[in-house]
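# Architecture and fold: a report
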Amino acid sequence: MYVPLPQQLQHGQNMVTGSSACPHHLSPRHFRCGTLQQRMQATQQSGHCRPRHLCNTVQAAASTQLEIAADDKWIQRTLSSHTDNHRPQNETLERLHQHCIDTLKTMRMPTNRSEAYRFTDVAPIISASFQAASGNGAEDAVGQHPLDAATSSRLVIVDGVASAELSSLSSMPDGVYIGGIENAPSQAVSQQLGAQSAAYGNALPFAALNGALATDVACVVVPAGVHMQQPLHVLYLSTESTTSATAMSNPRLLVIMGDSSSLELVEEFAPGHGNGTKYFTNSVTEVQLDVGAQLNHGYAEVQSGASYHMKASMVRQAARSSYTCNEAAMGAAISRHDLSIQQVGEATSTTLRGFTVCGEGQLHDLHSKLRLDHPEGQANQLHKCIVSAASGRGVFDGNVRVGQAAQKTDAQQLSRNLLLVPRATVNVKPNLQIIADDVKCSHGCAVSDLEEDQMFYFRARGIDADAARQVLVYSFGAEVTQHLKHKQLIQRVQKVVATTLAKAPLLPVESR
């Protein structure tokens, strides 16, 4: 079996320094069989190259090969720990399952050398051992996350499986289906399930892992012309493991909306037991909006502070459809949201608002991609981030691409970031690509502490510095959180924000 060398080795270059290798350097013919270490040892013994020539080049190749093998073993170990006892019984889900397993066979989990994960260190995740979550003990948590407007339109998903016992879906209009994949409309679901995630392939490795491990899919099918009067509250609860391994769940949501239909969707992610619970939630949401459909999407991530949270949301908008996403991410030690939207019809509207708070040891990452390829499209994105600890990090990578055919497009993008303490970090990359020539587009970014004139306004009226900073910080996030609309949900988000900010030393501006 021929094992090809890295390109640098084949051309006799040092992989570390880029300098030329010695004339006695190993050639590809010495690497025909056996492990890399065995080939190195055999080459030394054969006299083709003295040991001093087995330096940076071969050592770098060896470390690369070993690291790839380690990552592959993690994927294999994670797949094995779940698929042995959790094979999907549904034919459509089985096809998704097999496709994603085939994709993962040739995939390597991302590291900081991957451009998309350059500032997002997922090493704590891919170095851990996971097993399927227990799914027990989440009943009490349901009552801790009420939404009065959705008392009869609540779907509860425990560790990735829709729970009929904990859900309340008595007020659904005729023709609307909300529930697990087993009884979902087969034709619509089989056409849409996995269609968008498959298009992204290796770009979304955690989404591929979700497809390989998902044991159920929560399906929301709204027929053409149907308007949901009540919001749909989808509550995701994650429980811990019964062993020393970390619990892992892979919830998946599929939303299919017919022509001229409308829906308000509220996704809330929370711990099933308590804020100290450690688990890994790896979630995927796929949304198909047909012509003229309208979706108002609220997303609140208030996970346990010790947990890991990965989410991929993929939205496909047909002509004249409208999609609005209001996002608040506060919990989890590592949290990332990959949001991908395609406008595939004219006169399409997309509005994105995101607010994150990064406290001690927290990393929150929002990667968004928006593609506009048809005339008269509209897109407006606002990203806001607060980092309140020196060990906290916020990441934003927002890409908006206005294609050649997207004439008369109006696209705006703005990122504003507050660093409340010294050495707090935010990595921001707003990116607006314009190929069309008849458009109205702009983007901007700001990173700062609170403005001195704002502080002076409060101090001049007898309000102390700490209280003034608290008010300004809360109002900074309120521009986004107010669009979550529901008072109870906003209060839960504000409670997590208050807990995070209470640990931060709110220094007076003049001391910075």
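Whatever comes next refers back to the structure up there.
The paragraphs below set out a description of the structure included in this document. Residue numbering note: each chain is counted from 1, following its sequence as written. A pLDDT threshold of at least 70 governs which residues receive local features in this predicted model, and a stricter bar of 80 or more applies before side-chain atom pairs are shown or counted, although totals over entire chains, interfaces and linings include all residues. Water and hydrogen atoms play no part in the side-chain values, which are based on all heavy atoms of the structure.

### Some remarks on the side chain of Thr 120
Stated formally: Secondary structure follows DSSP: runs of H or I at least 4 residues long count as helices, runs of E at least 2 residues long count as strands, and numbering of each begins at the N terminus. Any two residues having at least one pair of non-hydrogen atoms within 4.5 Å are treated as being in contact.
Within the secondary structure, Thr 120 is located in the loop between helix H4 (91-105) and helix H5 (123-126). Aside from chain neighbours lying at most four places away, what touches Thr 120 is Asn 112, Arg 336, Leu 363, Asp 365 and Val 395.

### Comments concerning the pattern of salt bridges
The test is simple: We define a salt bridge as a side-chain nitrogen of Lys or Arg found within 4 Å of a carboxyl oxygen belonging to Asp or Glu. Between buried and exposed lies partly exposed: a residue is buried under 20% and exposed over 50% of the maximum accessible area for its type, with that area taken using a 1.4 Å probe on protein chains only.
Within the structure shown, the criterion is met by twelve salt bridges. The partner of Lys 105 in a salt bridge is Asp 102, and the shortest N-O contact between them spans 3.6 Å. Highlighted residues: Lys 105 and Asp 102, both in helix H4, separated by three residues, approximately one helical turn. With a shortest N-O distance of 3.3 Å, Arg 252 and Glu 286 are connected by a salt bridge. Placement of Arg 252 in strand S8 (residues 252-257) and of Glu 286 in strand S10 (residues 279-289) is noted, with a sequence separation of 34 residues between them. Neither Arg 252 nor Glu 286 differs from the other in exposure class; each is buried.

### Let's talk about the nonpolar core
Rules: Definition used in this section: a nonpolar core is a set of buried Ala, Val, Leu, Ile, Met, Phe, Trp, Tyr and Cys residues joined via side-chain atoms within 4.5 Å.
In this structure, Leu 263 and Tyr 323 are the most contacted members of the largest nonpolar core, which totals 39 residues. Each residue touching Tyr 323, except ones within four places of it in the same chain, is listed here: Leu 289, Leu 295, His 297, Val 315, Gln 317, Leu 339, Ile 341, Ser 349, Thr 350, Thr 351 and Leu 352. Within the second largest apolar cluster, 37 residues are counted, among which are Val 158, Leu 166, Ile 386 and Leu 484.

### Some points on the pairing of strand S13 (residues 322-329)
Formally: What makes two strands pair is DSSP finding at least two bridges between them.
Across the eight residues of S13, seven count as buried, placing the element largely inside the fold. Bridge count between strand S11 (residues 294-301) and S13: eight bridges; the pairing is parallel. Each bridged residue has a counterpart across the sheet, and for Glu 301 the counterpart in S13 is Ala 329. Here S13 runs beside strand S15 (residues 349-358); their pairing, made up of eight bridges, is parallel.

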